[in-house]
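Here are the chains, one letter per residue:
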Amino acid sequence: MNGIHDMGGMQNMGPVRPEKNEPVFHAEWERRVFALDMAVDETNRYEIELIPPADYLRMSYYEKWLTSLIETLKKAGLATSAEIESGKAVGGIVPGRHIYSVADALALIVPPPETKAPIAAAPRFHAGERVRARNINPVGHTRLPRYLRAKLGTIERTWEVESLWDRDTEGRPVDNTPQPVYSVRFDARELWGEQANPRDSVYVDMWEAYLEPS
Amino acid sequence: MSTTRRELLTVALTAAGAAVTPDLVHAVELGLDHDHQAIPSDPTLRVKALESLLVAKGIVNRANLDALVDTYEHKVGPRNGARVVAHAWVDQAYKQRLLAHSTSAIAELGYGGAEGGVMLVVENTAHVHNLVVCTLCSCYPWPVLGLPPVWYKSAAYRSRSVIDPRGVLREFGLKLADDVTVRVWDSTAQVRYLVLPERPRGTENMSESDLAALVTRDAMVGVAKVTVAQEGAHA
């Protein structure tokens with residue numbers, strides 16, 4: 001979706017304001033929203049992208065997470081608006097749910113055992129090849145930022161295959177077939193014209209579906 | 001001041017494809033456009049109610065939520081990344097492995113997992129400066145840097161890092177010469193990035209742990225250099 005979240009290249013958002021000695025969380029409720037969101041484990045990025053743009057700009061990061069978590073719970077049928085308002089369960093417990101465990105939480109920060117990459121079709125593109133980012137404008141979730149569409153780049157390397165993260169407006173995967181992901185280099189001048197330093201470039205990881213031969 | 005804010009809103013609404021009318025901008029300024037989204041009026045109360053509900057429904061368990069918070073507040077953070085950097089500074093063979101096979105080299109020191117399943121370490125030199133951003137959301141290498149700071153997730157940083165990286169770096173107090181190459185890494189897929197900063201001069205006799213104490217989170221995102229005067233990464 002061409003939403004406010006797709007910010008690359010926008011201007012007039014003000015200066016970057018780093019906070020000295022910033023804590024990991026700024027309030028107790030942020031800790032709980034972070035943990036709830038991780039534990040429910042059903043949230044997808046698209047819910048945050050659906051937040052109306054003016055709200056998106058005004059809300060803090062964890063307010064967005066909270067909004068997205070609430071929408072996810074409602075859409076997944078895990079809780080109703082009335083239950084969320086009151087904090088009281090009407091429908092009883094949710095049967096058959098996997099409950100996130102302490103072991104799950106600790107496993108998050110352990111390197112997984114090495115696994116063999118899934119086998120997929122041979123990569124269509126190779127290092128050094130010129131490619132063009134497709135000009136697509138899906139209304140669902142995509143990982144192809146607007147500022148790259150129809151721009152020319154160069155394949156730098158090929159990563160392991162990964163299923164496309166794009167989702168339709170119902171949250172369903174657009175294409176589950178694992179496909180190569182490439183690191184693609186774009187000259188800053190290809191993206192921004194003469195105002196950019198000719199030495200500079202932007203590297204972006206792109207699924208094969210996002211690319212076509214130049 | 002209000003003019004600036006109004007302009008910002010207008011730009012944002014226009015970019016989002018909204019038909020911008022003076023009434024809409026005014027409504028947004030006054031916070032009157034809340035009816036179509038559940039926005040917490042008091043996050044503390046809203047979140048307490050939500051947690052109670054999800055515990056009662058058997059969807060989450062309080063002890064496990066506590067474990068999640070403890071994990072990301074205390075068990076990961078930029079100290080992990082600083083150890084990786086310092087080890088690369090003192091061990092050339094490790095540095096080569098780190099640049100060629102970043103994920104497994106980081107795992108050698110015990111770090112890995114969620115938001116770090118595929119890592120790429122990029123090296124800053126006298127001629128090349130690397131900067132990491134996520135323009136679409138907030139992708140960040142959790143196992144080595146912890147959760148991202150607010151500025152990394154801000155509209156200002158996400159929007160401008162790709163179009164004006166040198167301007168953003170100046171705001172962090174880092175002025176790069178025109179003949180230095182800037183590489184911006186926009187994290188859009190499964191790969192997460194860590195910058196290997198330049199080892200500062202005058203540190204030849206320092207121990208690995210003293211070197212690690214010099215390495216800041218900002219240097220590993222690429223918005224700062226490591227200097228001897230610095231106090232070290234924020235927790």
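From N to C terminus, chain A includes 7 helices and 5 strands. Its helices and strands taken in sequence order, chain A reads α-α-α-α-α-α-β-β-β-α-β-β from the N to the C terminus. Dimensions of chain A, computed from the C-alpha atoms along their principal axes, are close to 60 × 45 × 35 Å. The proportion of buried residues among the 214 residues of chain A is 37%.

Attention shifts here to the overall build of chain B. The helix and strand inventory of chain B stands at 12 helices and 4 strands. Here chain B holds 235 residues, and 45% of them are scored as buried. Within chain B, contacts between residues at least 6 apart in sequence are counted, and of these 64% link residues at least 24 apart.

Here the focus is helix H4 (residues 61-75) of chain A. Residues three or four positions apart in an α-helix share a direction because the helix packs 3.6 residues into each turn. Counted at 1.5 Å a residue, the expected span for H4(A) with its 15 residues is 21 Å, and the 21 Å between its end C-alpha atoms agrees. In terms of residue burial, H4(A) counts as a mostly covered element, since 12 of its 15 residues are buried. Listed in full, the buried residues belonging to H4(A) are A:Tyr61, A:Tyr62, A:Glu63, A:Lys64, A:Trp65, A:Leu66, A:Thr67, A:Ser68, A:Leu69, A:Ile70, A:Thr72 and A:Leu73. Looking at the buried side of H4(A), the elements it contacts are helix H1 (28-40), helix H2 (45-49), helix H3 (53-58) and helix H5 (81-86) of chain A together with helix H3 (43-56) of chain B. One or two steps after H4(A), the chain reaches A:Gly77, where phi turns positive at roughly 75°.

What follows concerns the domain arrangement of chain B. According to the domain assignment, chain B contains domain 1 (41-75) and domain 2 (77-221). In this structure, domain 1 of chain B and domain 2 of chain B have C-alpha centres spaced 31 Å apart.

Turning our eyes to something else, we now look at the confidence of the model for chain B. Residues and elements named next belong to chain B. Per-residue pLDDT for chain B has a mean of 86; in total, 80% of the residues score no lower than 70. Within the model, the stretch residues 1-40 combines pLDDT values under 50 with 49 contacts to residues more than four positions away or in other chains. Of the regions scoring below 50 in pLDDT, residues 230-235 engages in 16 contacts with residues more than four places distant in sequence or in other chains. Scoring of the predicted complex yields 0.88 for pTM and 0.95 for ipTM.

Looking now at the nonpolar core. Counting residues in hydrophobic clusters, the biggest one holds 103 residues, and the most contacted among them are A:Val33, A:Leu36, A:Met206, B:Leu68, B:Val85 and B:Val215. Setting aside anything within four residues of it in sequence, one finds A:Leu36 in contact with A:Leu69, B:Leu50, B:Glu51, B:Leu54, B:Val60 and B:Leu65.

The next thing to look at is the environment of B:Gly113. Residues and elements named next belong to chain B. Relative to the elements of secondary structure, Gly 113 occurs in the loop between helix H7 (102-108) and strand S1 (118-123). A count of 18 C-beta atoms within 10 Å places Gly 113 in the partly exposed class. The spacing of Gly 113 and Pro 200 is 87 residues in sequence and 30 Å in space, taken between C-alpha atoms.

Attention now moves to the interface of chain B and chain A. Contact with chain B, which involves 84 residues of that partner, is made by 83 residues of chain A. Looking at the side of chain B that touches chain A, the elements with two or more residues in it are helix H1 (2-15), H3, helix H4 (62-75), helix H9 (155-160), helix H10 (165-171) and strand S3 (181-186) of chain B. The leading source of residues in the side of chain B that touches chain A is H3(B), at 11 residues. Split by residue class, the side of chain B that touches chain A holds 51 nonpolar, 19 polar and 14 charged.

Further remarks concern the domain arrangement of chain A. Residue and element names in this part refer to chain A. Assigned domains of chain A: these are domain 1 (28-107) and domain 2 (130-213). The C-alpha-based centres of domain 1 and domain 2 are spaced at 29 Å. Each partner contributes to the interface: domain 1 provides 4 residues, whereas domain 2 provides 4 residues. Of the residues in the side of domain 1 that touches domain 2, the class split is 1 nonpolar, 1 polar and 2 charged.

What counts and how
- Residues numbered from 1 in each chain as written.
- Chains lettered and ligands numbered in written order.
- Predicted model: local features only at pLDDT ≥ 70, side-chain atom pairs only at ≥ 80, totals over all residues.
- Helix = DSSP H or I, 4+ residues; strand = E, 2+ residues; numbered from the N terminus.
- Buried ≥ 20, exposed ≤ 12 C-beta atoms within 10 Å, placed from the backbone.
- Contact = placed C-beta atoms within 7 Å.
- Expected span 1.5 Å × (residues − 1).
- Domains from an automatic or database assignment.
- pLDDT = per-residue confidence, 0-100.
- Core = buried A, V, L, I, M, F, W, Y, C linked by C-beta atoms within 7 Å.
- Nonpolar A, V, L, I, M, F, W, Y, C, P; charged D, E, K, R; others polar.

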